[in-house]
Amino acid sequence: MSSELRKPIISGNWKMNHNHYEAIQCVQKLAYILTKEDYAEVDVTIHPPFTDLRSVQTMIDADELKFILGAQHCHEADSGAFTGEVSAAFLAKLNVSYVIVGHSERREIFGETNEAVNAKIVAIQKHKMTPIVCVGETLAEREAGKTHEKVLGQVRSALEKRSVEQIKSLVVAYEPIWAIGTGKTATADDAQRMISSIREEVAKISSANAAESIRLQYGGSVKASNIGEIMSQPDIDGVLVGGASLDAAEFGRICQYRLRPLNP
Ligand code: 13P
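Keep in mind the model is a prediction, meaning the values are calculated, not measured.

**Student:** Break down the pattern of salt bridges for me, citing the residues and quoting the values.
**Tutor:** Inspection of the entire model under this criterion finds 19 salt bridges. Glu-141 is the salt-bridge partner of Lys-150, the closest N and O atoms lying 2.8 Å from each other. The residue Asp-237 makes a salt bridge to Arg-199 at a minimum N-O spacing of 2.8 Å. Within this pair, whereas Asp-237 is found in the loop between helix 12 (227–231) and strand 8 (238–241), its partner Arg-199 is found in helix 10 (residues 188–205), the two being separated by 38 residues in sequence. Overall, Asp-237 belongs to the buried group, its relative accessible area being 0%.

This is the structure we're talking about:
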């Protein structure tokens, strides 16, 4: 369970799923399931594809829904000749509050480097949004005993040029790549160990204050049936959910984890 200082954050990364009609249906169902008390206890962020953002934002505004709108990616420049890209500046105009950056699918499939991830974090914070910075190791790296080196290296690079105040407001999601969409999860103990190492690293490169405030998520095959155990870990402040966030009923149960501790 997250410290008193840090409000839990449950994020649904829809990846390239749900067109804007499906997005509206999914958000309507979720709005029906979640209550005032849920939002008081947990920040719920939803990250639909770019083409859905305007529809979901309009719904959130019109119905005064308490979801927090998120995006999955952005370009670091405010505008320019970058065919196919969407800037952090444009997302901010759409009332997007959280932007996932450096997801392993962006790093592995689209070749995003640590430097590009850092530049995007700078742009996202410049536009007063919160980055959700993803880090994680491949199975080969894990088997070679390189998990800490890889993950902590990604964290160090992501936090370059960031002040204590900027680091305090960040979210970092530890998503072991071998656990994404595979049905395999790191054991809660394993996830806790890695996430507490990330917190120690933040203390080392920034300050104890930043380490105490930064929110750290786990991601990789999170479901209603394992959320209780994951959220019971002292350093885990939330989860980044892929597949299970596409179904409003399942995602609703994940967001309401505290109502069924360790017992889905
Ligand atoms: P799954 O929950 O489908 O494993 O995806 C995790 C993820 O990549 C979230 O960003």
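**Student:** Got a sec to walk through the pairing of strand 3 (residues 68–71)? Specific residues and values, please.
**Tutor:** Regular strands show a simple pattern: their side chains alternate between the two faces of the sheet. By the alternation rule, side chains of strand 3 split into Ile-68 and Gly-70 and Leu-69 and Ala-71, which are all buried. The pairing of strand 2 (residues 43–47) with strand 3 spans 2 bridges and is classified as parallel. Along strand 3, the bridge assignment pairs Ile-46 with Leu-69. In this fold, strand 2 hands off to helix 3 (residues 50–62), which returns the chain to strand 3; that crossover is right-handed. Sheet topology note: the strand 3/strand 4 (residues 98–101) ladder contains 2 bridges and is parallel. Looking across to strand 4, one finds that Gly-70 is bridged to Tyr-98. In this region the chain leaves strand 3, passes through helix 4 (residues 88–93) and returns to the parallel neighbour strand 4; the handedness of that crossover is right-handed.

**Student:** So what's going on with the packing of helix 1 (residues 20–33) against helix 13 (residues 248–255)? Residues and values would help.
**Tutor:** Relative to each other, helix 1 and helix 13 sit at 40°, their axes nearing to 9 Å. One way to sum up the angle between helix 1 and helix 13 is to call them oblique. For the pair helix 1 and helix 13, the crossing hand works out as right-handed. Residues Cys-26, Lys-29, Leu-30 and Ile-33 of helix 1 form the contact with helix 13, whose own contacting residues are Ala-248, Ala-249, Phe-251 and Gly-252. When grouped by side-chain class, the residues that make up the contact of helix 1 with helix 13 number 6 nonpolar, 1 polar and 1 charged.

**Student:** Account for the nonpolar core, with residues named and values stated.
**Tutor:** Side chains of a nonpolar character, in soluble globular proteins, are inclined to be buried together. By size, the foremost hydrophobic cluster in this structure holds 68 residues, and its most contacted members are Ile-10, Phe-67, Ile-198, Val-202, Tyr-218 and Val-239. Looking at this core element by element, the count peaks at 5 residues for helix 10. Beyond its immediate stretch of four places on either side in the chain, Val-239 contacts Ile-9, Ile-10, Ser-11, Gln-217, Tyr-218, Val-222, Ile-227, Ile-230, Met-231 and Ile-254.

**Student:** I'd like a rundown of the site of the ligand, residues and numbers included.
**Tutor:** The ligand sits among 13 residues. The nearest are Lys-15, His-103, Gly-181, Ser-221 and Gly-243. Lys-15 places a polar side-chain atom, nitrogen or oxygen, 2.8 Å from an oxygen atom of the ligand. Within the backbone of Ser-221, a nitrogen or oxygen atom sits 2.8 Å from an oxygen atom of the ligand. The fraction of the free accessible surface of the ligand (310 Å²) that becomes covered by protein chains is 95%.

**Student:** Outline the packing of aromatic side chains, supporting the account with residue identities and numerical values.
**Tutor:** Per the stated rule, a full pass over the model turns up 2 aromatic pairs. Geometrically, the ring pair formed by Tyr-39 and Phe-67 is edge-to-face, given 5.9 Å between the ring centres and 85° between the ring planes. Of this pair, Tyr-39 sits in helix 2 (residues 36–41) while Phe-67 is found in the loop between helix 3 and strand 3, placing the two residues 28 residues apart along the sequence. Accessibility classification places Tyr-39 together with Phe-67 in one group, the buried group.

**Student:** Give a detailed account of unusual backbone geometry, specifying residues and quantitative values.
**Tutor:** Here the phi dihedral of Lys-128 falls at roughly 65°; this positive angle occurs in a residue that is not glycine. Along the chain, Lys-128 turns up in the loop between helix 6 (114–126) and strand 5 (130–135). Relative accessible area serves as the criterion here: at 75%, Lys-128 is assigned to the exposed category. Residues other than glycine seldom take positive phi values, yet Ser-221 does so here, at roughly 55°. Relative to the assigned elements, Ser-221 resides in the loop between strand 7 (215–219) and helix 12. A relative accessible area of 14% places Ser-221 in the buried class.

How each quantity is defined
Throughout, residues of each chain are indexed from 1 in the direction in which the sequence is written. With the structure being a predicted model, the display of local features is reserved for residues of pLDDT at least 70 and the display and counting of side-chain atom pairs for 80 or more, all residues being used for whole-chain, interface and lining totals. Side-chain numbers here rest on the full set of heavy atoms in the structure, without hydrogens or water. Between Lys or Arg on one side and Asp or Glu on the other, a salt bridge is scored when a side-chain nitrogen of the former is within 4 Å of a carboxyl oxygen of the latter. Counting from the N terminus, the helices are the DSSP runs of H or I reaching at least four residues and the strands are the DSSP runs of E reaching at least two. Per-residue accessibility, obtained with a 1.4 Å probe over protein chains only, is compared with the maximum for each type, and a residue is labelled buried under 20%, exposed over 50%, and partly exposed between these values. Any two strands with at least two DSSP-identified bridges between them are counted as paired. Every crossover in which the path from the first strand over the helix to the second runs clockwise, viewed with the strands pointing away from the viewer, is termed right-handed. Axis definition: a line fitted to C-alpha atoms, over the contacting stretch in the case of helices. Angles run 0 to 180 degrees between N-to-C directions. Roughly parallel means an angle under 35 degrees; roughly antiparallel means over 145; roughly perpendicular covers 65 to 115; every other angle is labelled oblique. For any pair of crossing helices, the crossing counts as left-handed if the nearer helix is rotated counterclockwise from the farther one by less than a right angle, and right-handed if it is rotated clockwise. Any pair of residues with heavy atoms lying within 4.5 Å of one another is described as a contacting pair. Here the term charged refers only to Asp, Glu, Lys and Arg, the term nonpolar to Ala, Val, Leu, Ile, Met, Phe, Trp, Tyr, Cys and Pro, and the term polar to all other amino acids, Gly among them. Within this scheme, the nonpolar core is defined by two criteria: the residues are buried Ala, Val, Leu, Ile, Met, Phe, Trp, Tyr or Cys, and they are joined through side-chain atoms within 4.5 Å. Near is defined per residue: the residue qualifies when any heavy atom it owns lies within 4 Å of the molecule or strand. Each polar contact in these results corresponds to two N or O atoms within 3.5 Å; when the atoms are within protein, one needs to be able to donate a hydrogen and the other to accept it, and residues that are neighboring in sequence are counted only if both atoms are side-chain atoms. Note that accessible areas follow from Shrake-Rupley with a 1.4 Å probe, and for residues the cover is restricted to the protein chains shown. Here the aromatic set is Phe, Tyr and Trp, taking the six-membered ring for Trp, and pairing holds for ring centres within 6.5 Å; pairs whose planes are under 30 degrees apart are stacked, those over 60 apart are edge-to-face, and all others are tilted.

It is worth stressing that arrangement in space is one thing and function is another; only the former is reported here.
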